[in-house]
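Observations on the model geometry
Each chain, written out:
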Amino acid sequence: MSIAGACALCDQEAQEFIDRYDLGIQTLDLLVPTRADRRRTKHVKTHLCTNELPAGSFISLGHWMGGLDAYVCSPELAYLQAANDGDAAAIYAGYAMTSDYRLDNLAPGGVTSRDGGMRDSRLTTKELIAAYLDRASKVRGVAKAKALLPYVEEGSRSPRESGLCMFMSVPAHYGGLALGKAELNKKYYIRDGYNDGRNRKLRVLERTPDITLTVKAEVGLDKVRAGLLPEVLTALVDYDSDTIHDGSEKIHKDAERRNELQMLNGVAYFTVTTDQASDYEKLVRLCERIRRKLHRNKRPIFNRPMTEEQRYLALARVETKRFKLWQTVIDAHRHW
């Protein structure tokens, strides 16, 4: 499909559009088909699009004003556009678009869960994004978008959860700690030591930790060979937000949940508090404990000879990327 005929609004029209749909932004980003249509004003920022776009690129908002129809980019096209804004931006956008939450200023912490219904289900899935990228093979940035998609994890329940999962799991060259393969909100079933006195059956509990990290052991392989250490190690991580987990009753429930998850064989359990997530040094120290529990080598791993100075500079570059990733996906969303 072509966007020939698309036009850029004037400032007043753009402001009316923002107010009508309660977008909560100051500037409207618009696609235009020619360089002559490009402009930048207080409420309008244009982006040139000369490619033919595949079907499913836009969603109609219906008739808006005068003879003008309004369309919004589909989540799949929005993900492709995010890939041009940077690696972390694209991965984080993918987390948000495939999440089980939406923003709601009236909800505690500004976030509420989607109910899974037709009008409130996930915006898209990794499968749908991948299919769209295959159809958009000639569009600028598609190769980069495809390369970043495997690092997107579906099912996040909050922006902070997405940021923590990214920080812990993405490779070092993207700024992450590469602690292992991540899954969000994976269900675990625990046989609890509770006897009802009649049927004499153990109660089965269903628990869903925020982040599950699994990885093959890299340190202490002699213990793996001797059967003293499992080949695949697992760490469970929960984020206990001050907003959601405040008060004596919720603190008690959190303690119960921690004790229950400790019953799982062969897993390590960790909790990230708001204070730890909001402090870079504290979060890195916690992640270092997780790394050691997973018997994981430190990242990055250099596969070529380096002088002491070269190694120092390479590690400094990695640390800068890591801090920038934390700022982008965790610190910038501290109110969640």
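To start, this report covers the structure provided alongside it. In this text the structure is predicted, and so the values were computed from the model without any measurement.

We now examine the overall build of the protein chain. Within the protein chain, the secondary structure is distributed over 11 helices and 12 strands. C-alpha atoms of the protein chain, sized along the principal axes, occupy 70 × 65 × 35 Å. Burial status across the protein chain gives 41% buried among its 336 residues. Summed over its atoms, the accessible surface of the protein chain is roughly 19300 Å², and 50% of this surface lies on carbon and sulfur atoms. Of the side chains in the protein chain, 51 bear a positive and 45 a negative charge, and the two mean positions are spaced by 5 Å.

Taken in spatial order, the 4 strands line up as β7-β10-β11-β12 in an open sheet, and their pairing is mixed. Edge positions in the sheet fall to β7 (181-184) and β12 (267-273), since each has one partner strand and no second. Looking at each pair of strands side by side, their axes are set apart by 25° on average, direction ignored. Bridge analysis of strand β10 (residues 211-216) against strand β11 (residues 232-240) gives 6 bridges, and the strand direction is antiparallel. Its bridge partner lying in β11, Ile211 is registered against Val237. Packed onto the sheet, helix α10 (residues 280-293) meets β10, β11 and β12 and runs at close to 175° relative to β12.

A separate point is the nonpolar core. Within the largest apolar cluster, 59 residues are counted, with the highest numbers of intra-cluster contacts made by Tyr79, Leu213 and Ile290. Listed in part, the 11 residues of the second largest apolar core include Ala14, Ile18, Leu28 and Ala70.

Time to look at the state of the cysteines. Overall, the coordinates contain 0 disulfides when judged by the stated rule. This cysteine, Cys7, is not joined by any disulfide, and Cys10 carries the nearest cysteine sulfur, 9.8 Å off. The thiol of Cys49 is not disulfide-bonded; the next cysteine sulfur, from Cys73, is found 8.5 Å away. Judged by relative accessible area, which is 11%, Cys49 ranks as buried.

Attention now moves to the environment of Ile129. Among the secondary structure elements, Ile129 is positioned in helix α4 (residues 126-135). Residue classification places Ile129 among the buried positions, given a relative accessible area of 0%. As for Ile129 and Leu80, which are separated by 49 residues in sequence, their C-alpha atoms are 8.7 Å apart. Beyond its immediate chain neighbours, meaning those up to four positions away, Ile129 contacts Glu76, Tyr79, Thr98, Thr124 and Leu149.

A separate point is the environment of Leu31. Among the structural elements, Leu31 can be located in strand β1 (residues 28-32). By relative accessible area, Leu31 is classed as buried at 17%. Between the alpha carbons of Leu31 and Gln310 there is a distance of 44 Å; along the sequence they are 279 residues apart. If near-sequence neighbours (up to four positions away) are discounted, Leu31 is found in contact with Ile3, Ala6, His47, Cys49, Phe58, Cys73 and Gln81.

The next point concerns α4. Inspection of α4 places Ile129, Tyr132 and Leu133 among the buried residues, and these make up the whole buried set. The buried side chains of α4 occupy one side of the element, clustering within an arc of 100° when seen end-on. Taken together, the buried residues of α4 touch α2 (75-82) and α5 (142-148).

Assignment of secondary structure puts Ser169 in helix α6 (residues 159-169). Here Ser169 falls in the buried class, since its relative accessible area comes to 14%. Separated by 2.6 Å, the side chain of Ser169 and the backbone oxygen of Cys165 make a polar contact. When residues no more than four places from it in sequence are discounted, the contact partners of Ser169 are Tyr95, Ala178, Leu179, Gly180, Ala182 and Leu213.

A few words on the packing of aromatic side chains. This model, assessed by the stated rule, comprises 6 aromatic pairs. When the centroid spacing of 5.4 Å and the interplanar angle of 70° are considered together, the rings of Tyr151 and Tyr174 count as edge-to-face. In this pair, Tyr151 is assigned in the loop between α5 and α6 and Tyr174 in the loop between α6 and β7, connecting sequence segments 23 residues apart. Among the residues examined, Tyr174 registers a relative accessible area of 17% and is labelled buried. On the numbers, 5.5 Å between centres and 35° between planes, the contact of Phe323 with Trp326 is tilted.

Rules of the game
- Once a new chain begins, its residue numbering starts again from 1 and follows that chain's sequence as written.
- The predicted nature of this model means local features are confined to residues of pLDDT at least 70 and side-chain atom pairs, given and counted, to a pLDDT of 80 or more, with totals for whole chains, interfaces and linings taken over all residues.
- Note: side-chain values were computed over all heavy atoms of the structure, leaving out hydrogens and water.
- By definition, any uninterrupted DSSP run of H or I lasting at least four residues is a helix, any uninterrupted run of E lasting at least two residues is a strand, and each is numbered from the N terminus.
- Only protein chains enter the area calculation, which uses a 1.4 Å probe; residues under 20% of their type maximum are buried, those over 50% are exposed, and those in between are partly exposed.
- Surface exposure here means Shrake-Rupley accessible area, sampled with a 1.4 Å probe, where a residue is shielded only by the protein chains that are shown.
- The sign given to each residue is positive for Lys and Arg and negative for Asp and Glu; His and the chain ends receive no count.
- Note that the charge is assigned to NZ on lysines, CZ on arginines, CG on aspartates and CD on glutamates.
- One bridge is not enough; two strands pair if DSSP finds at least two bridges between them.
- A fitted line through C-alpha atoms represents every axis, and for helices the fit uses only the stretch in contact; the resulting angles, taken between N-to-C directions, go from 0 to 180 degrees.
- Every residue pair with non-hydrogen atoms within 4.5 Å of one another is taken to be in contact.
- To qualify as a nonpolar core, a set must consist of buried Ala, Val, Leu, Ile, Met, Phe, Trp, Tyr and Cys residues joined through side-chain atoms within 4.5 Å.
- Cysteine sulfur pairs qualify as disulfides if the two atoms are within 2.5 Å.
- Directions drawn from the helix axis to the C-beta atoms are what define this arc.
- In the analysis that follows, any N or O atom pair within 3.5 Å is treated as a polar contact, provided that within protein one partner can donate a hydrogen and the other can accept it, and provided that, for residues neighboring in sequence, both atoms belong to side chains.
- The criterion for an aromatic pair is that two Phe, Tyr or Trp rings (for Trp, the six-membered ring) have centres within 6.5 Å, with stacked assigned to planes under 30 degrees apart, edge-to-face to planes over 60 apart and tilted to the rest.

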